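Spelled out from the first residue to the last, the chains are:
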Amino acid sequence: MSGVQRAQRLASRKEAGAYYTPDPVAASLLSWAVHTAGDRMLDPSCGDGRFIRGHRNSVGIEQDPQAALQAMTVAPWALIHEGDFFAWASNTEERFDCAAGNPPFIRYQTFKGAVRDRALNLCARLGARFSGLASSWAPFLVATASLLRPGGRMAFVVPAEIGHAPYASPLLEYLIEHFDIVHVVAVRKKLFPDLSEDCWLLYADGFGGSTTELRFTTVERFSASKRPPRTFERIAVAEWRSWKRRLRPFLMPRAARELYRLVADDTTSHRFGDLASIGIGYVSGANDFFHLRPSLAEKLGIPSQLLHPTVRNGRSLPPKLLNASVVNKWVRDDEPIYLLRLPKTPDVPAPVRKYLDTEEGWTAREAYKCRVRTPWYSVPDVQIPDFFLTYMSGRAAGLVRNSAGCTCTNSVHSVRLRDKRILGQLYDLWDTPFVQLSCELEGHPLGGGMLKLEPREATEIVLPSPMLLAELPGIALEDAIGTMQSWRHYGEA
Ligand SMILES: C[S@@+](CC[C@H](N)C(=O)[O-])C[C@H]1O[C@@H](n2cnc3c(N)ncnc32)[C@H](O)[C@@H]1O
């Protein structure tokens, strides 16, 4: 294979979610799932066959012809279907004693078309309703479970998203309703060193039953074993549901969870979304064209009332306060910080018209976001927020007060208070350990040590009253923050 062919193959494997499981992990899952030599075993996405080669009575499905061929070579006894698992699963009459494997992690942007339609329709028929934002692995597991015989079991590698993604909840709800035992093992150290994604393990036993609890174990690293860990926390399903159906909060010690719950439920506490509206900044569609350096704006003669200072990039924000002196420095440094803010009217001043008709202007109006709005040059949703909220953060999410009247691109969230009187209070509250912990719990890890806060997650951040805050044990909160940061690998090389 040439270098180019190898690169192409790697890219298409990435698109198909083709990261093969390390042998000790495959062997461990398999040895728990298979009880006897006669057990019929299914791997719904068998890749190069590293699960099915461990058990003679296996069936593997694989859509990649090259991988399917490899699987046939390493497991010549197995029955291998080349094609889409969901097409096969919708028609097969076969039922299995057990299933094991590692489903493809294909995000919704790539998991689309006929395969996704088949997957979501099949799961809906089975009673698990996924939205179009589901990643492929969750429907894979529902469809696989549905092919088990009564009493059957399955053991899979799953992305750590099972602990927080909204689309993990239809999967877990399905498992709770269809198995006697559902056990999730969170593994802190990476199972796949080359993958930015963390992976956990899922064991479900006793198909045809149901349970009112989830078993949950946290381990520092994977160690080979013929069964799931014997020690686990029993999480009542009702409790898991009360944490917005997320397992992530259960990474923290029970005492920290109870403290958090107590504060969140206190009548004097608020959710951030009660006090403020939080949204993304504007999307210009052509950042380089719409953001002018002061020197260029002057040269073009653009009227100053059509230029609005903006935060183009979250990284340029100072820690707590954006004021006039920061903006003046940006101007002195000739940063491209002026948004060309044009009204929706057809009559634009001559210097602006001239700029719109430059080559850059003709390129900009072809950009998708510009093409689909009228007029193309009027950037919508330009707001002057009270605060900017960084939503991809290392140590902690930053809240920066906007006392310079700046607007912002979608590189940061814009926070507008419903009642400006709480401005100072919010400013003081933000960096406290409790609110930082709340960001950790309501947000989610993004890989590379980063914490992400979607606007809907930010609205859930808990803001205690100053009186309650004064009573909280700082050390316990700091410990809990440290735990959550370590699970998202903050500060690791
Ligand atoms: C994460 S790999 C796992 C392979 C193997 N089970 C292992 O653990 O090493 C996922 C596999 O799913 C395959 N795949 C992706 N979409 C599929 C589909 N719709 N039907 C069947 N296989 C699919 C990919 O080609 C890839 O080989």
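All values reported here derive from a predicted model rather than from experimental measurement.

Cut-offs applied
Residues numbered from 1 in each chain as written. Predicted model: local features only at pLDDT ≥ 70, side-chain atom pairs only at ≥ 80, totals over all residues. Buried ≥ 20, exposed ≤ 12 C-beta atoms within 10 Å, placed from the backbone. Helix = DSSP H or I, 4+ residues; strand = E, 2+ residues; numbered from the N terminus. Near = placed C-beta within 6 Å. Nonpolar A, V, L, I, M, F, W, Y, C, P; charged D, E, K, R; others polar. Axes fitted to C-alpha atoms, helices over the stretch in contact; angles between N-to-C directions. Parallel < 35°, antiparallel > 145°, perpendicular 65-115°, else oblique. Left-handed = near helix turned anticlockwise from the far one by under 90°. Contact = placed C-beta atoms within 7 Å. Core = buried A, V, L, I, M, F, W, Y, C linked by C-beta atoms within 7 Å. Domains from an automatic or database assignment. Pairing = 2+ DSSP bridges.

### Observations regarding helix H6 (residues 137-145)
Now for step 1: Judged by how many residues are buried, H6 sits mostly within the fold: nine of nine residues are covered.
Now for step 2: Among all positions in H6, only Trp137, Ala138, Pro139, Phe140, Leu141, Val142, Ala143, Thr144 and Ala145 are buried.

### What to know about the site of the ligand
Now for step 1: Neighbouring the ligand are 23 residues, the closest being Tyr20, Thr21, Ser45, Gly47 and Asn102.
Now for step 2: In terms of residue class, the shell around the ligand is made up of eleven nonpolar, seven polar and five charged.

### Quick word on the packing of H6 against helix H7 (residues 168-178)
Now for step 1: Where H6 contacts H7, the two axes come as close as 9 Å, and the packing angle between them is 20 degrees. Classed by the angle they form, the pair H6 and H7 counts as roughly parallel. Handedness of the H6/H7 crossing: left-handed. Packed against H6, whose contacting residues are Ala138, Leu141, Val142 and Ala145, the element H7 presents Ala168, Leu171, Tyr174, Leu175 and His178 at the interface.
Now for step 2: For the contact of H6 with H7, the per-class residue count stands at eight nonpolar, one polar and no charged.

### What about the environment of Ser269?
Now for step 1: Note on placement: Ser269 falls in the loop between helix H9 (254-265) and strand S10 (270-271).
Now for step 2: Assessed through the 18 C-beta atoms surrounding it within 10 Å, Ser269 is described here as partly exposed.
Now for step 3: With residues near it in sequence (within four places) discarded, Ser269 still touches Val263, Ala264, Val462, Leu463, Pro464, Ser465 and Leu468.

### Digging into the nonpolar core
Now for step 1: Of all hydrophobic cores here, the largest spans 116 residues; its most connected members are Ala33, Ala100, Met154, Trp200 and Leu389.
Now for step 2: Per-domain counts for this core show at least three residues from each of domain 1 (3-251) and domain 2 (276-342 + 379-487).
Now for step 3: Leaving out residues up to four positions away in the same chain, Leu389 has contacts with Ile278, Ala397, Leu399, Val412, His413, Val415 and Ala458.
Now for step 4: Counting 16 residues, the second largest nonpolar core, distinct from the first, contains Phe290, Trp330, Leu339 and Tyr355.

### Re helix H18 (residues 433-442)
Now for step 1: For H18, a buried count of nine out of ten residues is recorded, marking the element as mostly surrounded by other parts of the structure.
Now for step 2: Along H18, the residues classified as buried are Phe434, Val435, Gln436, Leu437, Ser438, Cys439, Glu440, Leu441 and Glu442.

### Focus: the sheet that holds strand S22 (residues 450-452)
Now for step 1: Ordered by their spatial adjacency, three strands build an open sheet running S17-S22-S21, and the pairing between neighbours is antiparallel. On the outer flanks of this sheet lie strand S17 (392-393) and strand S21 (444-447), each paired with one strand and no other.
Now for step 2: Here S21 pairs with S22 via three bridges, running antiparallel. The residue of S22 that forms the bridge with Pro445 is Leu451.

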